[in-house]
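Read off the chains here:
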Amino acid sequence: MKAESVDQLHLLDLQHVDTVIDQLTHRRRTLPELAEIERLTVDQRRQRDDVVRAETEVSDLTREQRKLESDVDQVRSRAERDRQRMAVSTSGKEAESLQHEVVSLARRQSDLEDQVLELMEQLEGAATRLAEAAGGLATSETAYDTAVAGRDGQFQLIDADLAAQQQARATAAGELPAALLAHYEAIRASSRGTGAARLYRRRCEGCHLELSGGDLQRVRSAPADEVLHCEECGRILVRTPESAL
Ligand SMILES: [Zn+2]
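Residues numbered from 1 in each chain as written. Predicted model: local features only at pLDDT ≥ 70, side-chain atom pairs only at ≥ 80, totals over all residues. Heavy atoms only, no water.

*Asks:* What exactly am I supposed to notice about the overall build of the protein chain here?
*Replies:* Summing up its helical and strand segments, the protein chain has five helices and four strands in all. Each helix and strand of the protein chain, ordered N terminal to C terminal, gives the series α-α-α-α-β-β-α-β-β. Taken against the 2.2 N^0.38 rule, which gives 18 Å for 245 residues, the C-alpha radius of gyration of the protein chain at 42 Å runs more than 25% over that of a compact globule. Taken over the C-alpha atoms alone, the protein chain extends approximately 135 × 35 × 25 Å along its principal axes. Relative to its 245 residues, the protein chain shows a buried fraction of 32%. (Helix = DSSP H or I, 4+ residues; strand = E, 2+ residues; numbered from the N terminus. Rg over C-alpha atoms; globule rule 2.2 N^0.38 Å. Buried < 20%, exposed > 50% of the residue type's maximum accessible area, 1.4 Å probe, protein only.)

*Asks:* Quick question: what am I supposed to make of the coordination of the zinc ion here?
*Replies:* Ideal values differ by geometry: the angle at a metal is 109.5 degrees with four tetrahedral donors, but 90 or 180 degrees with six octahedral donors. For the zinc ion, the protein coordination sphere consists of Cys204 (SG), Cys207 (SG), Cys230 (SG) and Cys233 (SG), at 2.3 to 2.4 Å. Around the zinc ion sit four donor atoms, and with donor-metal-donor angles ranging over 104 to 118° the site reads as tetrahedral. On the primary sequence, the residues serving as donors to the zinc ion are separated as C-x2-C-x22-C-x2-C. Taken together, the positions of Cys204 in strand β2 (residues 203-204) and Cys233 in the loop between β3 (228-229) and β4 (236-239) put the pair 29 residues apart, joining distant regions of the chain. (Donors = N, O, S within 2.8 Å, 3.2 Å for Na, K, Ca; no water. Tetrahedral: all angles 85-135°; square planar, octahedral: opposite > 155°, others 65-115°.)

*Asks:* For this particular structure, what's the right way to read unusual backbone geometry?
*Replies:* As a rule of thumb, non-glycine residues mostly have phi less than zero, and peptide bonds are mostly trans rather than cis. You will see that His208, though not glycine, has its phi angle at about 65°, which is positive. Checked against the element boundaries, His208 lands in the loop between β2 and α5 (213-221). According to the relative accessible area criterion, His208 is exposed, its value standing at 51%. We note that Ala244 has phi near 55°; this positive angle belongs to a residue other than glycine. One can find Ala244 in the segment after β4.

*Asks:* I would appreciate a short explanation of the sheet that holds β3 in the present structure.
*Replies:* Paired through backbone hydrogen bonds, the strands of a sheet run either parallel or antiparallel to each other. Here four strands make up an open sheet; going across it, the order is β2-β1-β4-β3 and the pairing mixed. Every other strand in the sheet has two partners, leaving β2 and β3 as the edge strands with one partner each. Looking at chain direction, strand β1 (residues 196-200) and β2 are connected through two bridges and run antiparallel. Across the sheet, residue Tyr200 finds its bridge partner in β2, namely Arg203. (Pairing = 2+ DSSP bridges.)

*Asks:* Can you help me understand the environment of Ala164 in this one?
*Replies:* Assignment of secondary structure puts Ala164 in helix α3 (residues 92-174). On a C-alpha basis, the gap between Ala164 and Leu112 in space is 77 Å, while along the polypeptide they are 52 residues apart.

*Asks:* When you look at the packing of aromatic side chains in this model, what are you seeing that I'm missing?
*Replies:* Describing an aromatic ring pair means giving the distance of the ring centres and the angle of the ring planes. Summed over all chains, the structure comprises zero aromatic pairs. We note Arg28 situated over the ring of Phe155; from NZ or CZ to the ring centre the distance is 3.8 Å. (Phe/Tyr/Trp six-rings, centres within 6.5 Å; stacked < 30°, edge-to-face > 60°. Lys NZ or Arg CZ within 6 Å of the ring centre and 35° of its normal.)

As structure tokens, this is what we get:
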């Protein structure tokens with residue numbers, strides 16, 4: 001392929017812009033905030049489950065406590081009624097039976113009150129777990145919001161940079177002959193983003209290998225408008241005054 005040496009030099013400008021665009025795109029894709037957001041999203045899913053579990057525990061225990069307390073009230077008022085009946089009873093046998101029931105109710109009340117106490121302890125533990133889970137979730141949510149704001153700020157900067165570079169790329173590409181541009185694009189696509197490399201002090205800046213022997217001889221004797229390729233990496237090799245040929 002033939003191309004004016006000035007066009008070959010323009011290829012290097014285009015390559016520079018393409019490399020910057022690739023770097024910006026890579027940075028946009030690998031922002032630390034993105035990994036942080038992903039991690040926090042997973043954390044929050046687990047933490048929300050913890051909160052729901054603790055809330056359920058607290059509400060179950062509270063319901064159980066209310067039921068026990070209402071049982072205590074019933075036992076207490078039944079005993080009170082028994083005592084009132086005892087006070088007005090004229091039958092010794094009835095009084096004895098009532099007395100018997102009052103004793104049994106007192107035992108029942110004491111059992112129920114023990115259960116209430118035990119339940120209150122459990123409830124305290126559950127409430128602590130709920131507060132911890134809710135606190136953990138709130139911390140995560142704050143960290144998540146910070147990471148999202150950080151990501152969006154970075155996106156804004158990178159996208160502004162990218163827009164400017166895309167503009168520069170369009171200008172640089174517009175100056176090149178279509179065939180040379182297409183040739184460059186094809187090599188760039190198969191050579192990890194670098195389609196054209198400068199020959200600097202006999203070294204290909206694409207693969208960093210130094211030209212010697214027959215390769216060097218071939219480059220020296222090639223006409224200036226001949227598009228050369230590195231024998232090692234296949235990239236377009238652009239001669240400059242610093243090629244030291
Ligand atoms: Zn090379």
